[in-house]
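Coordinates in review
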Amino acid sequence: MTIETHFSLKNYNTFGIEAFAQKFVEVQTLDELQSVLQQHVNEPKFILGGGSNMLLTRNIEALVIHVNLKGKKVVKENDDHVWVEAMAGENWHEFVLWTLAHNYGGLENMSLIPGNVGTTPVQNIGAYGAEIKDTFVSCETITLDGQSMRTFDLEDCHFGYRESIFKQEAKGMFIITSVVFCLTKRNHCINSNYGDIQAELTKNNIVIPSIKDISNAVITIRQRKLPDPKELGNSGSFFKNPVIPRSHFETIQAQFPDIKFYDVSPTEVKVPAGWLIEQAGLKGYREGDAGVHKNQALVLVNYGNATGQDILKLSQKVQQTVWDKYGIAIEAEVNII
């Protein structure tokens, strides 16, 4: 366990942004993590997971701790359900594939989401009608001073749309070390309601899909729409889908009758940010090496040598353009550092 100085983070963020850590250390066990935290208790610290949900706009003047804890195990089971614990450093998609290989259902709609297990509760990640909160049981955490552990259950986490206690009142106070999920062993709840999934199943003549069929459909859709971060720097969906008052939506709908939307409640409507950006004429737009992806307007990309400031400037242009046309504010889903 070596602490390095002026360490390049280019290979540790999926945007591929060149930025440097003042100090950097990778921890592979809970003991190592606790030791580092206690030895550097008075230093500023930056906790790094898979680097998939952040935009680095500057160097990190702190001790960057790369949490690379590995392992997954069944903690209990009955005839219908299994409780599986995965350590924070496990790659999310590889973990999903592992659950499917054991015929454990519940995570299949979130296949191919980039990042590691430990950051999934922070964002309450989700895709194609599923969110972490649907299968989440609890997560183990350690305080930033390394002095104590705390378990957060479902109620503790205050999950919302891409929100949790870890982005609000507990922000910067805890490091998630492992997560427990409750998955089905039989009588799986198949969620194929999203049109794209159903279309993919129909194309493959699948009438009664398995959880593996759902995963395969999601993977195919994501690969078609979204760039591979290993080939083109990106952080997945850059913006949240805005949820607006129904009264405001109806005013906008009167002017733009073809606007896409989803009902959230009797008083709120969710509008797809990707649709707004595309209709604002920015799909495929590019400024230097910073661009809006040609196949999915929700994704901002680094074509090679864009800086974090370049991507940030582009994101602000996207937000302003959408606001000017629709009067809808879209927020970044990505953490801007």
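For every chain, the first residue of the written sequence is number 1, and numbering continues from 1 along that sequence. Reporting in this predicted model follows two pLDDT cut-offs: at least 70 for local features of residues, and 80 or more for side-chain atom pairs to be given and counted; totals over whole chains, interfaces and linings ignore these cut-offs and use all residues. Heavy atoms from the whole structure form the basis of all side-chain values; hydrogens and water molecules are not counted.

We treat two strands as partners when DSSP finds at least two bridges between them. Here a helix means four or more residues in a row that DSSP labels H or I, a strand means two or more in a row labelled E, and each is numbered from the N terminus. The four strands lie next to each other as β13-β19-β18-β17, forming an open sheet whose pairing is antiparallel. Pairing within the sheet leaves two strands with one partner each, and these edge strands are β13 (233-237) and β17 (286-287). Note: strand β18 (residues 290-292) against strand β19 (residues 299-302), three bridges, orientation antiparallel. Looking at β19, one finds that G291 is bridged to V301. Contacts are residue-level and defined by heavy atoms, with any inter-residue pair within 4.5 Å sufficient. Fitting a line to C-alpha atoms yields each axis, with helices limited to the stretch in contact; the angle taken between N-to-C directions then spans 0 to 180 degrees. In the packing of helix α8 (residues 308-326) onto the sheet, contacts are made with β17, β18 and β19, and the angle to β18 comes to roughly 35°.

What follows is about the nonpolar core. We call a set of buried residues a nonpolar core when its members are Ala, Val, Leu, Ile, Met, Phe, Trp, Tyr or Cys and they connect through side-chain atoms within 4.5 Å of each other. Any residue under 20% of the maximum accessible area for its type is buried, any over 50% is exposed, and the rest in between are partly exposed; the area is computed with a 1.4 Å probe on protein chains only. In this structure, L9, F239, L276, I277 and I311 are the most contacted members of the largest nonpolar core, which totals 46 residues. Counting only elements with at least two residues in this core, the list comes to β2 (20-27), β3 (45-48), β4 (54-55), β5 (60-67), α6 (246-255), α7 (273-279), β18 and α8. Tallying contributions element by element places α8 first for this core, with six residues. Sequence-distant contacts of I311, defined by excluding residues within four places in its chain, comprise F15, I17, L55, F238, A290, L300, V301, N302 and A306.

Where helix α4 (residues 195-203) meets helix α5 (residues 211-225), the closest approach of the two axes is 9 Å, and the angle between their N-to-C directions is 110°. For the element pair α4 / α5, the angle class is roughly perpendicular. Residue-level contacts link D196, I197, E200, L201 and K203 of α4 to D213, I214, A217, V218, T220, I221, R224 and K225 of α5. For the contact of α4 with α5, the per-class residue count stands at six nonpolar, one polar and six charged. Any angle between 65 and 115 degrees counts as roughly perpendicular, while under 35 counts as roughly parallel, over 145 as roughly antiparallel, and the rest as oblique. Residues are grouped as follows: Ala, Val, Leu, Ile, Met, Phe, Trp, Tyr, Cys and Pro are nonpolar; Asp, Glu, Lys and Arg are charged; every other residue, Gly included, is polar.

This part covers the confidence of the model for the protein chain. Low pLDDT means the predicted coordinates in that region are not meant to be read closely. In the predicted model, the protein chain carries a mean pLDDT of 94, and 100% of its residues have values of at least 70. Each residue gets a pLDDT score, which is the predictor's confidence in that residue and runs from 0 to 100. Confidence, read as mean pLDDT per element, is least for strand β15 (residues 262-265) in the protein chain (88) and greatest for strand β7 (residues 81-87) (98).

Time to look at the packing of aromatic side chains. Two numbers describe a pair of aromatic rings. These are the distance of the centres and the angle of the planes. Paired rings are identified among Phe, Tyr and Trp, the last through its six-membered ring, by centres lying within 6.5 Å, and are further divided according to the angle between planes into stacked (under 30 degrees), edge-to-face (over 60) and tilted (the rest). One pass over the structure, following the stated rule, counts 16 aromatic pairs. Consider the rings of F95 and W98, whose centres lie 6.1 Å apart with planes at 20°: the pair is stacked. With F95 and W98 both in helix α2 (residues 92-101) and three residues apart, this pair spans about one turn of that helix. Considering the side-chain rings of F136 and F159, the 5.1 Å spacing of their centres and the 85° angle between planes classify their relative orientation as edge-to-face. With F136 in strand β10 (residues 136-143) and F159 in the loop between β11 (149-153) and β12 (174-184), this pair connects stretches of sequence that are 23 residues apart. An aromatic cluster is built from W92, F95, W98, Y104 and F181, whose rings are joined through pairwise contacts. Note on geometry: a ring has a charge over it if NZ (lysine) or CZ (arginine) is within 6 Å of the ring centre and within 35 degrees of the ring normal. The aromatic ring of Y161 is capped on one face by K270, whose charged end is 4.2 Å from the ring centroid. The ring of Y303 carries the charged tip of R286 above its face, separated from the ring centre by 4.0 Å.

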